[in-house]
Amino acid sequence: MSASNRTGPSPLTFILTGIPGLPMSSYWMALPLCCLYLLMLLGNCTLLWMIKTDHSLHTPMYYFLSMLAMADLGLSLTTLPTMLAVFCFKSTSFRFEACIVQMYFIHSFSEIESGVLVAMAFDRFIAICYPLRYASVLTSTLIMKAGAAIFMRGICVVLPVAVLIKKMPFCRSRVLSHSFCLHQDLLRLVCGDVRVNSVYGLTMVMLTKGLDSLTILLSYTMIIRAILSIISQEARAKAFSTCISHLCAILIFYIPLLGLSVMHRFGKHLPPLTHALMADAYLLVPPVLNPLVYSWKTKQIRRRILILLCQRRSQQHA
């Protein structure tokens, strides 16, 4: 079917798939999936509410953390409709235009999250390497500009991907590998020349997530050097502990992302179950785990949660 036929009486649709080997409407998948989404919503919304209401958390680190929570919410809510439709309602047909929109937002929020992780690495770098200049460097104006730049980058770099894929002819199988739309998955169904799409997609990834990962690596190289130069063992441990949550967030985000990218390009011989599980981990694990990691490792957030629990318990006994 050519691109010109999409406006005809038979619109182009794709078939979404669930977990290979499991029934499409299996409760073994639907129930855990709903629990993960509820946990994601509860964790990230609670984190945003605490940062907004507690004035002691109005610092650059927590402003960046709130951006990370919003990116996680956007990424998860983008995939929520189709994943629930596939696993809970056995609805697999998905219109081409809706697939393009979902693909755009998935990749945009992923770019935004990667940019926020870079900003948080810069925050830790200034806090540990130049603590006396922290307040003068990370001003409210700089944080707002950084947030706007991260948001605009996520919007702009993915837009050409959506425009290019929309003009491609799809005449092969229309069965997707996942219960949501990804750029790499759509490209394999195109029957035309995809060199421009592939080159731009690879260039975009290298100039965004590639540079982001290198920037984070460079930041932590200098952070570790600064920590090792501290004479006091106690002060060294305290300085390193302030980075643990961010390091966990980096690993939670980049390990599934790199695994999925490598499998799409070099792991075509792997079973479909491996691709499906890695894609689901890439989109579900970071939004679920990030609030838990920061709540567990950040003293201010942990204290705030304990205060709220104590207040609620006292209200119930009153």
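You'll find the structure just up there.
Residues numbered from 1 in each chain as written. Predicted model: local features only at pLDDT ≥ 70, side-chain atom pairs only at ≥ 80, totals over all residues. Heavy atoms only, no water.

**Q** How would you sum up the overall build of the protein? Please name residues and give values.
**A** In terms of regular secondary structure, the protein is built from 10 helices and two strands. Its helices and strands taken in sequence order, the protein reads β-α-α-β-α-α-α-α-α-α-α-α from the N to the C terminus. Looking at the protein residue by residue over its 318 residues, the buried ones come to 44%. Excluding contacts between residues fewer than 6 apart, the proportion of contacts in the protein whose partners are at least 24 apart in sequence is 77%. (Helix = DSSP H or I, 4+ residues; strand = E, 2+ residues; numbered from the N terminus. Buried < 20%, exposed > 50% of the residue type's maximum accessible area, 1.4 Å probe, protein only. Contact = heavy atoms within 4.5 Å.)

**Q** Just give me the short version of helix α7 (residues 195-228), but keep the residues and values in it.
**A** Its 34 residues place the ends of α7 47 Å apart at the C-alpha level, agreeing with the 50 Å of an ideal helix rising 1.5 Å per residue. Largest kink in α7: about 30°, centred on Met-206. (Expected span 1.5 Å × (residues − 1). Bend = angle between axes of the 7 residues up to and from the residue.)

**Q** Tell me about the side chain of Ser-179, and name the residues and values.
**A** Residue position: Ser-179 is located in the loop between α5 (140-166) and α6 (183-187). On the accessibility criterion, Ser-179 (2% relative accessible area) is buried. In contact with Ser-179, other than residues within four places in its own chain, are Leu-16, Thr-17, Thr-82, Met-83, Val-86 and Phe-87.

**Q** Would you mind going over a nonpolar patch on the surface in detail, with residue names and values included?
**A** Taken together, the side chains of Leu-207, Leu-211, Leu-214 and Leu-217 make up a nonpolar region of the molecular surface, amounting to roughly 410 Å² of accessible area. Within the fold, Leu-214 resides in helix α7. Assessed through its relative accessible area of 53%, Leu-214 is described here as exposed. (Patch = residues over 30% accessible without salt bridge, like charges linked within 9 Å, V, L, I, M, F, W, Y side chains within 5 Å. Areas by Shrake-Rupley, 256 points an atom, 1.4 Å probe, with all protein chains shown as cover. Salt bridge = Lys/Arg side-chain N within 4 Å of Asp/Glu carboxyl O.)

Limitation: the analysis is restricted to geometry and does not speak to function.
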